[in-house]
Amino acid sequence: MVIEQLIFTVISFAIFVYMFFRMIKNNDTSYVIILVMEAIRNSIKFYRSIV
């Protein structure tokens, strides 16, 4: 179960990074606060899956 959570967290983080760079490339900064909240959520989930 821990491995599944870790894999899911890594995949969600990769999707987040992809979306972040795509929005920055397109100069679409209206969703930056949502992306920051998503990064915090993914970090917390990653930390909880390790501990």
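None of the values given here were measured: they were computed from a predicted structure. (Residues numbered from 1 in each chain as written. Predicted model: local features only at pLDDT ≥ 70, side-chain atom pairs only at ≥ 80, totals over all residues. Heavy atoms only, no water.)

Remarks on the environment of Thr 9
Right, on to step 1. Within the fold, Thr 9 resides in helix H1 (residues 2-25).
Right, on to step 2. Residue class for Thr 9 comes out buried when judged on its relative accessible area of 5%.
Right, on to step 3. Residues within four places of Thr 9 in sequence aside, it is in contact with Asn 42, Lys 45, Phe 46 and Ser 49. (Helix = DSSP H or I, 4+ residues; strand = E, 2+ residues; numbered from the N terminus. Buried < 20%, exposed > 50% of the residue type's maximum accessible area, 1.4 Å probe, protein only. Contact = heavy atoms within 4.5 Å.)

Some details on the packing of H1 against helix H2 (residues 32-50)
Right, on to step 1. In the contact formed by H1 and H2, the axes pass within 9 Å of each other and the chain directions differ by 160 degrees. Judged by the inter-axis angle, H1 sits roughly antiparallel to H2. As H1 runs across H2, the sense of the crossing is left-handed. Where H1 approaches H2, its residues Val 2, Gln 5, Leu 6, Phe 8, Thr 9, Ser 12, Phe 13, Phe 16, Phe 20 and Met 23 are matched on the opposing element by Leu 35, Glu 38, Ala 39, Asn 42, Lys 45, Phe 46 and Ser 49.
Right, on to step 2. Taken together, the residues of the contact of H1 with H2 sort by class into ten nonpolar, five polar and two charged. (Axes fitted to C-alpha atoms, helices over the stretch in contact; angles between N-to-C directions. Parallel < 35°, antiparallel > 145°, perpendicular 65-115°, else oblique. Left-handed = near helix turned anticlockwise from the far one by under 90°. Nonpolar A, V, L, I, M, F, W, Y, C, P; charged D, E, K, R; others polar.)

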